[in-house]
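# Coordinate inspection notes
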Amino acid sequence: MDKRRNSKGGQRSKRGILLDHDDDARGDLHNFQGPRKTLHDYFIDLSGKRASVREEALSTILKALTLNIEQKFVELNFVTLVYQCLHSIKKGSPTEMKQAAHIIGLLSMITTSVEKVHEAYEDVLTALSQGGLKPKLKTLEILGCLTVVTFFGASNSDETESVMKLLWDLIHPGTDSSIERKDSPAVLTAMISAWSFLLSTIDGWRLSHKNWQGAITYFSIILDSNDESLCAAACEALALVFESNCLEKFTSATKDSNKELKDNIIKQLRSRLSETGNERISSQDQRTGFNSASAALDFLEDEKCANSHVTIGGQKLILSTWSQKVQLKFLKHFLGNDGFVKHMMENENFHSVFDFLPERRNAWGNVLYVPEREEVTISLFQPMVARHNDCSLLPLLTRDKQLAKKKTMSPNSHLSKARTQLLKKQRDLSLKEREIDCFDY
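In this convention, every chain numbers its residues from 1, walking through the sequence in written order. For a predicted model such as this one, the threshold for reporting local features is a pLDDT of at least 70, and the threshold for listing and counting side-chain atom pairs is 80 or more; totals across whole chains, interfaces and linings nevertheless cover every residue. In computing side-chain values, all of the structure's heavy atoms are included and hydrogens and water are not.

## Focus on the overall build of the chain
For helices the rule is a DSSP run of H or I covering at least 4 residues; for strands it is a run of E covering at least 2, with both sets numbered from the N terminus onward. When its secondary structure is counted, the chain shows 20 helices and four strands. Relative accessibility decides the category of a residue: with a 1.4 Å probe and only protein chains considered, values under 20% of the type maximum give buried, values over 50% give exposed, and everything between is partly exposed. A buried classification covers 42% of the 441 residues belonging to the chain. Contact definition: two residues touch when any of their heavy atoms are within 4.5 Å. Contacts in the chain between residues far apart in sequence, at least 24 positions, make up 68% of those at least 6 positions apart.

Encoded structure:
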């Protein structure tokens, strides 16, 4: 009886533990949870039938590609990921659609394969140009996806301009103004920003003469908008147009009329910035701290873009053109601040876009300069001496060879000493790398 009582009592106590959530019970439950899911497991979950499972997988992959890049995972699964994300855009829930669109943009900016990203550009453009999906272009995430894929995947200016034309037809539908009135300021701002972002990649002389007529007039009208973000987007677009130095592509006016048009835009910007005493501060972009209206006014008045800089990982990135400023602002909005810094430090595509080479630092904050190639060279001057095929000169020739050998192969030569210093420097760097790896564990 005692044993039975003890046994039953033990069962009661165990049940009580599970219900009371004691530490031992939590440990038992933890053992039943199984191994932690990997990124590949979430990749497989994209094919799941339940929407909640797919949404969780998309959310995890989205976070991983934003904050960790996961280059190897992207290269191995690029094509399948793009296909599955396009399927989610077409038939998934609104949450799935937004997450999948963002992931396609991330994939295009991470992969180093030109062929893969161009194929993604073609697939996305084909899918979004279809009648059933075209209305989704006004979703902010879809706009971002198409724009980023075009930025990294278009192989020439014609392909980029075709997407710009698609966006322009949404921004400025011509005489049918009913479409524009349905768009919220946020959507119109996103479309103008996307158009400007792509314009920043094309030289002015390559642009079409007929696609952008009336653009300057349209953007100058938007300057009077009460929405700060919309006005800032118009300022950036106008600055890029004037920076292209091809105003005839954006207006049919004569040179004298262009001068008058520019003066009117300057007056509009001055009036807007003087509406409140501290307008220059209030209209700054929250993420970049960049004041588009003030900078555009300075640019139009001085006819040159003032240099500015941002600090990334302790390094300064100099921005000397409007194209660079627009590109940085758009990508920072797309990735968020933490994601943008991560990609600037580790993404090779970003290094190429901004001509930015991050310094490598060890655990103590000291910079480790690890060049891709480093050589030691030494120059020797030897006067030209006329020599003939004379056996009497053999001792002199032998002495020259011995001198050259002494200068290059002797342990005490300048070349040997420099080579030794270089090898010692590389050994020190290697030891520092190993120390960092040990501390990482």
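## Describing the pairing of strand β1 (residues 308-312)
By the convention used here, strands pair only if DSSP detects at least 2 bridges between them. Taken together, the five bridges between β1 and strand β2 (residues 315-319) define a ladder with antiparallel strand orientation. If you follow Val 310 over to β2, its bridge partner there is Leu 317. If you look at the hairpin formed by β1 and β2, you'll find two residues sitting between the two strands, and Gly 313 has a positive phi there, around 60°.

## Notes on the environment of Ala 239
For Ala 239, the location among the structural elements is in helix α13 (residues 228-243). In this structure, the C-alpha to C-alpha distance between Ala 239 and Leu 300, residues 61 residues apart in sequence, is 7.5 Å.

## Structural notes on the environment of Leu 46
Following the sequence through the fold, Leu 46 ends up in the loop between α3 (39-45) and α4 (51-67). Through-space distance from the C-alpha of Leu 46 to that of Ser 88 is 9.1 Å; in sequence the pair is 42 residues apart. When near neighbours in sequence (up to four residues on either side) are disregarded, Leu 46 contacts Arg 54, Ala 57, Leu 58, Ile 61, Leu 81 and Gln 84.

## A few points about the nonpolar core
As a rule of thumb, soluble globular proteins bury nonpolar side chains together. Core analysis: the largest hydrophobic core is formed by 112 residues, its most contacted members being Met 109, Trp 195 and Phe 219. Counting residues per element, this core draws most heavily on α13, which supplies eleven residues. Discounting residues that sit within four places of it in the chain, Met 109 has contacts with Val 148, Phe 152, Leu 331, Phe 334, Leu 335, His 343, Asn 347, Asn 349 and Phe 350. Nonpolar core, defined: a set of buried Ala, Val, Leu, Ile, Met, Phe, Trp, Tyr and Cys residues in which side-chain atoms within 4.5 Å join the residues together.

## Section: the packing of helix α6 (residues 94-110) against helix α17 (residues 322-346)
In this analysis an axis means a line fitted to C-alpha atoms, helices contributing only their contacting stretch, and an angle means the value between N-to-C directions, from 0 to 180 degrees. Packing of α6 against α17 brings their axes to within 12 Å, and their N-to-C directions diverge by 50°. The pairing of α6 with α17 is recorded here as oblique in orientation. In the packing of α6 onto α17, the handedness of the crossing is right-handed. Listed contacts from α17 to His 102, Gly 105, Leu 106, Met 109 and Ile 110 of α6 are Leu 331, Phe 334, Leu 335 and His 343. Nonpolar residues are Ala, Val, Leu, Ile, Met, Phe, Trp, Tyr, Cys and Pro. Charged residues are Asp, Glu, Lys and Arg, and all others, Gly as well, are polar. Of the residues contributing to the contact of α6 with α17, the split by class is six nonpolar, three polar and no charged. By definition in this entry, angles of less than 35 degrees are roughly parallel, angles greater than 145 are roughly antiparallel, angles of 65 to 115 are roughly perpendicular, and the rest are oblique. If you view the pair so one helix is near and one far, a crossing is left-handed when the near helix is turned anticlockwise from the far one by less than a right angle, and right-handed when it is turned clockwise.

## Side note on the packing of aromatic side chains
Paired rings are identified among Phe, Tyr and Trp, the last through its six-membered ring, by centres lying within 6.5 Å, and are further divided according to the angle between planes into stacked (under 30 degrees), edge-to-face (over 60) and tilted (the rest). According to the stated counting rule, one finds 16 aromatic pairs in the structure shown. Considering the side-chain rings of Phe 299 and Trp 322, the 6.3 Å spacing of their centres and the 65° angle between planes classify their relative orientation as edge-to-face. Pair noted here: Phe 299 is in helix α16 (residues 292-302) and Trp 322 is in helix α17, with a separation of 23 residues, a long-range link. The exposure classification of Phe 299 matches that of Trp 322, with both residues buried. Site record: aromatic cluster; members linked through ring pairs are Phe 151, Phe 152, Phe 197, Phe 330, Phe 340, Phe 350 and Phe 354. Here, a charge over a ring means that NZ of Lys or CZ of Arg falls within 6 Å of the ring centre while also lying within 35 degrees of the ring normal. Across from the ring centre of Trp 322, 5.7 Å away, lies the NZ or CZ of Lys 325, which sits over that ring.

Read these as spatial facts, not as claims about activity.
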